[in-house]
Amino acid sequence: HKQPGLLFIQPASQVEGEQGSASAARHPKQKRKAHSLSIRRTNSTEERPPGALRGDMLEGQDSKLPLSLRNNLLDLFGQIEREFENLYIENIELRREIDSLNERLTGDGQTIEGGDPTKGALKTKASHSTSQLSQKLKTTYKASTSKIVSSFKATTGSRALCQLLKEYVGHRDGIWDLSVTRTQPVVLGTASADHSALLWSIETGKCLLRYAGHAGSVNSIKFHPTEQMALTASGDQTAHIWRYMVQLPAPQPTPDVSAPCDDDQDSSDREEGEVDGEGPCEVPTVRVATATLKSHQGVVIAADWLVGGRQVVTASWDRAANLYEVETSELVHTLTGHDQELTHCCTHPTQRLVVTSSRDTTFRLWDFRDPSIHSVNVFQGHTDTVTSAVFTVGDNVVSGSDDRTVKVWDLKNMRSPIATIRTDSAVNRISVSANQRIIALPHDNRQVRLFDMSGVRLARLPRSNRMGHRRMVCCSAWNEENQSCNLFTCGFDRQAIGWNINIPALLQEK
């Protein structure tokens, strides 16, 4: 018995049996596996209970999937087919209505032929009505279709362009974090599992200074807002504040290695390919910290400066975040409440606000604007580890997670996100451009994608054998002071990369 609009799934062994044993004898090599499926469309008007139909579909199949999961998959496939069938039928009806109205309007135009002085006006009115109806039908159809198709690729004329400007090679192990100084001279800082932090010339890619004061992996690096000081967090359970002095070398010509940011770019499958390098050249080395912050009982995974640079906050695997005075290294507050290890912390650029993220699937907003009241808000918008949560220049927080989503929140109403970005891989330490309000998403699968604050995908950085990261991308950072090299990424392939990202205004408006 066959039923319209349903897919009947039958074991291939049964289908082959119906064809006769003689055919099977002629083609012994074409025998299918016992669990393979053949699909045929049914056309009977006889109705059968869903449970009985599902039982027929699953009978005789050798599958490792649990029965409940297989039932759910069949239900979902049926819902998808019904949705597309409804849209198809609706499209046919709309086309019929358009044809009918066009015929009617054509007939009206013929009856008023023959010297009627109002002919021109009537024709104009009929044409206007047809145009309005056509526009209305198009809008209705697009609204229905958008339930299934969320976005379309940009056209060639509005495609974002990405230019790889410089590769910064010198670390002996993976790079966890990177940051750009906010004072002159503008340099790039990287934090690595090789126990060191390096400062680089952005223009030439030359290593300028090495910090070797930590006894463990350097997990993050942030620069003071007004002075030449750096803050690093480490696996040795400490955070260090240290001063630096660098002199920029003369700039060199930049090779033109550009490509459109296209999701169809060829991707290499070289998992183990790494950048060859024997460490940085002989450069000045700083080995002693100006201040050492020692209150944590576990790995310090991240640290950041509060607005003004007089206090810093650190996040640790001991499930706490600490607030310190920079001048005295004194512990001011211990921020507790997370149920599992912290993964990141970030401070607001203009207000005394701190956001901490954790493996407990939450991130917390701490408010220090009123010295007498230290309020905290807990947000549970993710289903897996929150890898980072960052502030934007406006009143937004953007959070990324191992659940493969990124969510944009409004500080004034954080009950639910105002935008959700769904991806195909876990998201690591994200960053948001202050000028263009573009979110850069580094992924475990070696990709870097760009989205706007509404959750619309703008581009994907090109990646191939000769370009891009070859291992997990750990972090991204925007450079607001430089119009050429305005985005940096780093990963476990031991290199940082400087990019020029050019997003056309038309594409941003979309």
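Only a predicted model underlies this, so the values are computations on that prediction, with no experimental measurement involved.

Definitions and limits used
Residues numbered from 1 in each chain as written. Predicted model: local features only at pLDDT ≥ 70, side-chain atom pairs only at ≥ 80, totals over all residues. Heavy atoms only, no water. Helix = DSSP H or I, 4+ residues; strand = E, 2+ residues; numbered from the N terminus. Buried < 20%, exposed > 50% of the residue type's maximum accessible area, 1.4 Å probe, protein only. Contact = heavy atoms within 4.5 Å. Areas by Shrake-Rupley, 256 points an atom, 1.4 Å probe, with all protein chains shown as cover. Pairing = 2+ DSSP bridges. Axes fitted to C-alpha atoms, helices over the stretch in contact; angles between N-to-C directions. Phe/Tyr/Trp six-rings, centres within 6.5 Å; stacked < 30°, edge-to-face > 60°. Salt bridge = Lys/Arg side-chain N within 4 Å of Asp/Glu carboxyl O. Patch = residues over 30% accessible without salt bridge, like charges linked within 9 Å, V, L, I, M, F, W, Y side chains within 5 Å. UniProt positions renumbered as here; feature names shortened; annotations may be inferred. Core = buried A, V, L, I, M, F, W, Y, C linked by side-chain atoms within 4.5 Å.

Digging into the overall build of the chain
Summing up its helical and strand segments, the chain has six helices and 32 strands in all. Split into buried and exposed, the 510 residues of the chain put 46% on the buried side. When contacts within the chain are restricted to residue pairs at least 6 apart in sequence, those whose partners lie at least 24 apart make up 55%. Looking at the chain as shown, the accessible area adds up to about 26800 Å², and 49% of this sits on carbon and sulfur atoms.

A closer look at the sheet that holds strand β16 (residues 321-325)
Sheet architecture is open: four strands sit in the order β14-β15-β16-β17, paired in antiparallel fashion. The open sheet has two free edges, formed respectively by β14 (300-305) and β17 (331-335), since each of these has just one partner strand. Strand-to-strand twist of the sheet, defined as the mean angle between neighbouring strand axes without regard to direction, takes the value 20°. Bridging between β16 and β17 involves four bridges; their strand directions are antiparallel. Residue pairing across strands places A321 opposite L335, the latter belonging to β17.

Overview of the pairing of strand β28 (residues 448-452)
Of all the five residues making up β28, five are buried; the element is thus mostly covered by neighbouring parts of the structure. Along β28, one buried face is formed by V448, L450 and D452 and the opposite face, lined by R449 and F451, is buried too. The pairing of strand β27 (residues 438-442) with β28 spans five bridges and is antiparallel. Residue pairing for β28: L441 is matched across the bridge by R449. Between β27 and β28, which pair antiparallel one after the other, the connecting turn spans five residues, and R446 there sits at a positive phi close to 80°. Pairing geometry for β28 and strand β29 (residues 457-460), over three bridges, is antiparallel. Pairing of L450 across the sheet is with A459, part of β29. What sits between the antiparallel neighbours β28 and β29 is a turn of four residues, in which G455 has the positive phi angle 90°.

Some thoughts on the packing of aromatic side chains
Ring pairs (aromatic) are described by centroid distance and by the angle formed between their planes. Per the counting criterion, the structure on display carries nine aromatic pairs. Their ring planes at 75° and their centres at 5.8 Å tell us that F223 and Y244 sit as a pair that is edge-to-face. Residue F223 is located in strand β8 (residues 218-223), and its partner Y244 is located in the loop between β10 (239-243) and β11 (257-260); the two are separated by 21 residues in the primary sequence. Judged by its relative accessible area of 1%, F223 is buried.

Here we look at the environment of P349
You can see P349 is positioned in the loop between β18 (342-347) and β19 (353-358). Note on P349: relative accessible area 41%, which makes it partly exposed. Put simply, P349 and T392 are 43 residues apart on the chain and 7.9 Å apart in space, counted from C-alpha to C-alpha. Residues contacting P349, with those up to four places away along its chain left out, are V307, F391, T392 and V393.

Quick look at the pattern of salt bridges
Following the criterion strictly, the structure yields seven salt bridges and no others. One salt bridge connects R96 with E93, and the closest N-O pair in it is separated by 3.3 Å. One end of the pair is R96 and the other is E93, both in helix α4 (residues 67-111) and three residues apart, which spans about a single turn. Given the relative accessible area of 43%, E93 is considered partly exposed. Salt-bridge contacts for R369 lead to D367; the nearest nitrogen and oxygen are separated by 2.7 Å. For R369, a relative accessible area of 47% corresponds to the partly exposed category.

Here's the deal with a nonpolar patch on the surface
A contiguous nonpolar surface patch, about 630 Å² in accessible area, is contributed by L65, L69, L73, L76, F77, I80 and F84. Structurally, L65 can be placed in the loop between α3 (50-58) and α4. Taking the relative accessible area as the measure of exposure, L65 reaches 41% and is therefore partly exposed.

Details of the UniProt feature "repeat: WD" (unreviewed entry) in the chain
The UniProt record marks residues 168-210, 211-242, 293-334, 335-376 and 379-419 with the feature "repeat: WD" (unreviewed entry), using the residue numbering of this structure. For residues 211-242, the end-to-end C-alpha separation is 8 Å, with 0% helix and 53% strand making up the annotated structure.

What to know about the nonpolar core
Of all hydrophobic cores here, the largest spans 25 residues; its most connected members are F363, V398, I439 and L441. For this core, the secondary-structure elements that each account for two or more residues are β19, β20 (363-370), β22 (386-391), β23 (396-401), β24 (405-410), β25 (419-422) and β27. In terms of residue count, the dominant contributor to this core is β22 (four residues).

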